[in-house]
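# Fold and geometry: a report
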Amino acid sequence: MKYSQFVCVSSIGENIKLLIDRPDGTYCFRLHNDRVYYMSEKILKLATNISRDKLVSVGTCFGKFTKTQKFRLHITALDFLAPYAKFKVWVKPGSEQSFLYGNHIMKSGLGRITENTSQYQGVVVYSMSDVPLGFGVAAKTTQECRKVDPMAIVVFHQADIGEYIRSEDTLT
Amino acid sequence: MASCSIEDVLAKAERDEAEKLRSITVNKELDLEFDPGHLLAFDKNRIDTREFKDNKGEDFLRSLARDNTQLLINEIWKLPTEKVEEVIVAKLPDPTTPLPREKPAPKPKPPTKWEQFAKLKGIQKKKKTNIVWDEVHKEWKRRWGYKRANDDTKEWLIEVPVTADPNEDQFAKRNKAKKERVARNEYNRLKNVARAQKIKVPGMGLAPTPQQSKSELAQAVNVAKISTASVGKFQEKLPKEKTSKNTGKKRKFQPLIGDFGSEKQKQLDLLKVMDSKKPRLDVTKAVNKQMREEDRESAQKSKKSFGKKGRKGNMSGKGKGKGKGMAGGKGPKGKGRKPNMKQGKR
């Protein structure tokens with residue numbers, strides 16, 4: 001495992017401090033095999049006893065760095081990031097399933113969206129019953145969302161909880 | 001009178017016909033010189049300047065051009081014709097007028113190393129045949145190139161000479177020798193080319209570097225300094241020279257289980273810097289404001305045109321905001337509305 005600073009999580013903004021600065025223990029991020037894991041220090045200390053090539057995963061995987069060093073957020077980070085999300089998008093029950101299958105969200109499926117969402121802002125996608133469904137990227141600002149036609153894409157899909165079934169074997 | 005008009009019409013028709021079938025024969029004092037290869041015609045007849053000056057000369061020029069073109073086409077019709085895809089085409093002969101060069105004449109290339117030597121020694125080029133008799137295959141084969149006559153790399157049996165190492169691969173040796181000859185030939189050819197174009201050729205080793213920047217020179221100095229047996233440990237420094245700190249490593253990682261407190265502090269500081277760097281979204285705010293104003297204006301216009309509909313129910317200041325939302329299609333419920341309401345009545 002290597003320690004590295006990374007600058008990636010735009011969807012929760014200032015609230016990322018709450019992930020680092022927790023009252024119930026010291027949690028940290030570690031980089032291992034191009035993946036970023038979030039774990040408590042206790043787990044970290046235990047994990048040092050395993051050799052690097054034999055270690056598969058530690059704590060929860062937040063995401064990974066792709067071949068071109070872009071950070072890609074994984075669905076396993078949802079439980080940690082959802083409560084701290086600044087910009088949220090609620091999706092209608094009809095298009096919920098479409099999103100869970102990996103499709104983008106169209107204007108016709110958009111229920112609510114937080115005001116002042118800028119374009120290409122990372123957002124957390126919720127169902128109408130406030131169940132977090134996954135991550136996305138806002139394709140249009142909130143103002144533009146109001147004006148655009150119903151078949152236009154408003155949120156790009158990044159990760160959804162359907163991936164737990166679809167990519168069962170690749171999730172760490 | 002009708003009859004007059006009919007006569008006039010007929011006369012006009014006759015004149016038009018005559019115009020069309022104007023004679024294809026043109027009378028000229030001097031015959032034109034033709035070069036059908038270039039579709040060229042020289043007219044050496046004198047031009048009457050008086051005719052040119054009357055009527056601004058345009059008509060004169062047009063008639064002159066028409067006559068000369070007619071003569072040229074007559075000349076083309078004299079040539080042998082053939083039919084290509086149902087079109088009659090005249091076969092043009094070779095052109096006779098020489099045209100000047102388009103580009104400057106090529107400069108003579110400087111002689112290659114061999115050519116210089118041959119000239120010095122007086123060696124003449126001997127003409128060789130392209131095809132040589134190959135005794136083994138009993139057929140005529142090329143002297144060199146693909147499937148050549150006496151190709152020693154293609155032999156199936158090579159006797160190991162007495163002086164050679166018995167474990168050496170003779171076939172591989174021959175292949176390697178061939179590759180080396182090819183490479184040397186290519187290298188010499190490129191040297192000849194460089195000499196011809198007066199390009200500086202690097203000798204054995206590194207290519208010559210042109211003007212180097214300050215950083216490149218500094219890097220070269222640092223590399224040279226550590227290129228000693230003791231990796232630059234006992235190299236003397238100039239009085240005010242500083243040792244370069246970057247040892248060439250690309251990235252330095254913190255230890256895995258370092259001080260957690262300091263790690264936390266560093267991360268929080270980083271986040272603080274990230275937050276402060278975010279510029280105020282003035283552009284998007286301005287754009288949003290503009291869009292809201294436009295929506296309001298369009299809502300007002302629609303309100304005016306649909307008189308009754310607009311005045312239904314509670315269309316007050318608050319209502320206006322909602323009306324705008326409805327006009328624009330689905331708007332976000334709840335949260336989004338409040339900022340609009342403040343903007344108030346118009």
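Nothing here was measured: the structure is a model prediction, and the numbers come from that model.

Next up on the list: the overall build of chain B. For chain B, the helix and strand inventory stands at 11 helices and 6 strands. In chain B, once contacts between residues fewer than 6 apart in sequence are set aside, the share between residues at least 24 apart is 38%.

Within chain A, the secondary structure is distributed over 6 helices and 10 strands. Within chain A, contacts between residues at least 6 apart in sequence are counted, and of these 57% link residues at least 24 apart. With an accessible surface of roughly 8300 Å², chain A has 53% of that area assigned to carbon and sulfur atoms.

Here the focus is the sheet that holds strand S4 (residues 71-73) of chain A. All names here are of chain A. The antiparallel open sheet is built from 4 strands, whose spatial order is S1-S2-S3-S4. Of all the strands in the sheet, the pair left with one neighbour each is strand S1 (27-32) and S4. Averaged over all adjacent pairs, the angle separating strand axes in this sheet is 30°, with direction ignored. With 4 bridges joining them, strand S2 (residues 35-40) and strand S3 (residues 60-65) adopt antiparallel strand pairing.

Below, the discussion takes up the side chain of Glu163 of chain A. All names here are of chain A. As for its position among the elements, Glu163 is in helix H6 (residues 163-166). For the buried Glu163, which has no salt bridge, the nearest side chain bearing the opposite charge is Arg166, at an N-O separation of 4.1 Å. Residue contacts for Glu163: discarding those within four places in its chain leaves Ile75, His157, Gln158, Glu168 and Leu171.

Let us now look at the pairing of strand S9 (residues 132-138) of chain A. Here is the key point about a regular strand: its side chains alternate between the two faces of the sheet. Residues and elements named next belong to chain A. Counting buried positions over the 7 residues of S9 gives 6, a clear majority of the element. In this sheet, S9 lies alongside strand S8 (residues 122-127) in antiparallel orientation, the contact comprising 5 bridges. Of the residues in S9, the one forming a bridge with Val123 is Gly136. Between the end of S8 and the start of S9, which pair antiparallel, lie 4 residues, with Asp130 showing a positive phi angle near 60°. By the bridge criterion, 5 bridges tie S9 to strand S10 (residues 153-160) in an arrangement that is antiparallel. Bridged to Gly136 within S10 is His157.

Quick look at the packing of aromatic side chains now. Counted according to the given criterion, the structure contains 10 aromatic pairs over all chains. Taken together, a centroid distance of 5.5 Å and an interplanar angle of 65° make the contact between Trp133 of chain B and Trp140 of chain B edge-to-face. A residue is classified by how much of its surface remains accessible, and Trp133 of chain B, at 36% relative accessible area, is partly exposed. Residue classification places Trp140 of chain B among the exposed positions, given a relative accessible area of 58%. A cation sits over an aromatic face here: Arg22 of chain A above Tyr27 of chain A, 4.0 Å from the ring centre. Here the guanidinium or amino end of Arg112 of chain A rests over the ring plane of Trp90 of chain A, the centre of that ring lying 4.1 Å away.

All names here are of chain A. If you look at the biggest cluster of nonpolar residues, it comprises 22 residues, and the most contacted ones within it are Leu19, Phe29, Phe62, Leu81, Val124 and Phe135. Secondary-structure elements contributing two or more residues to this core are helix H1 (17-20), S1, S2, S3, helix H3 (78-81) and S8. Not counting residues within four places of it along the chain, the set of residues in contact with Val124 comprises Leu78, Ala82, Ala85, Phe87, Lys88, Val89, Gly134 and Phe135.

So, on to the sheet that holds S10 of chain A. Taken in spatial order, the 6 strands make up an open sheet running S6-S10-S9-S8-S5-S7 (chain A), and their pairing is mixed. Both edges of this open sheet fall to strand S6 (105-106) and strand S7 (110-113) of chain A, since each of them pairs with a single strand only.

Attention shifts here to the pattern of salt bridges. A complete count under the given rule lists 20 salt bridges over all chains for this structure. Two residues, Asp21 of chain A and Lys264 of chain B, come together in a salt bridge whose shortest N-O distance is 3.9 Å. Highlighted residues: Asp21 of chain A in the loop between H1 and S1 and Lys264 of chain B in helix H7 (residues 260-277), drawn from two different chains. A relative accessible area of 39% places Asp21 of chain A in the partly exposed class. Asp59 of chain B is paired through a salt bridge with Arg62 of chain B; the nearest N and O atoms lie 3.6 Å apart.

To continue, consider the confidence of the model for chain B. For chain B, per-residue confidence averages 79 on the pLDDT scale, and 79% of positions sit at 70 or higher. Between the elements of chain B, mean pLDDT differs from a low of 40, seen in helix H10 (residues 317-327) of chain B, to a high of 94, seen in helix H4 (residues 113-121) of chain B.

Turning to the environment of Thr129 of chain B, a few remarks are in order. Residue and element names in this part refer to chain B. When you line up the elements, Thr129 lands in the loop between H4 and strand S5 (131-134). Once the C-alpha coordinates of Thr129 and Arg142 are considered, the two residues, 13 residues apart in sequence, prove to be 8.9 Å apart. One polar contact links the side chain of Thr129 to the main-chain carbonyl oxygen of Ile131, over a distance of 3.3 Å.

A few words on helix H3 (residues 58-77) of chain B. All names here are of chain B. Spanning 20 residues, H3 covers 28 Å between terminal C-alpha atoms, matching the ideal 28 Å at 1.5 Å per step. Residues of H3 that are buried: Phe60, Asn68, Gln70, Leu71 and Leu72. Elements in contact with the buried residues of H3: strand S1 (33-35), strand S2 (40-42) and helix H2 (49-53).

Here is what the cut-offs are and how they apply
- Residues numbered from 1 in each chain as written.
- Chains lettered and ligands numbered in written order.
- Predicted model: local features only at pLDDT ≥ 70, side-chain atom pairs only at ≥ 80, totals over all residues.
- Heavy atoms only, no water.
- Helix = DSSP H or I, 4+ residues; strand = E, 2+ residues; numbered from the N terminus.
- Contact = heavy atoms within 4.5 Å.
- Areas by Shrake-Rupley, 256 points an atom, 1.4 Å probe, with all protein chains shown as cover.
- Pairing = 2+ DSSP bridges.
- Axes fitted to C-alpha atoms, helices over the stretch in contact; angles between N-to-C directions.
- Buried < 20%, exposed > 50% of the residue type's maximum accessible area, 1.4 Å probe, protein only.
- Lys, Arg positive; Asp, Glu negative; His and termini not counted.
- Salt bridge = Lys/Arg side-chain N within 4 Å of Asp/Glu carboxyl O.
- Phe/Tyr/Trp six-rings, centres within 6.5 Å; stacked < 30°, edge-to-face > 60°.
- Lys NZ or Arg CZ within 6 Å of the ring centre and 35° of its normal.
- Core = buried A, V, L, I, M, F, W, Y, C linked by side-chain atoms within 4.5 Å.
- pLDDT = per-residue confidence, 0-100.
- Polar contact = N/O pair within 3.5 Å; in protein donor to acceptor, adjacent residues only side chain to side chain.
- Expected span 1.5 Å × (residues − 1).

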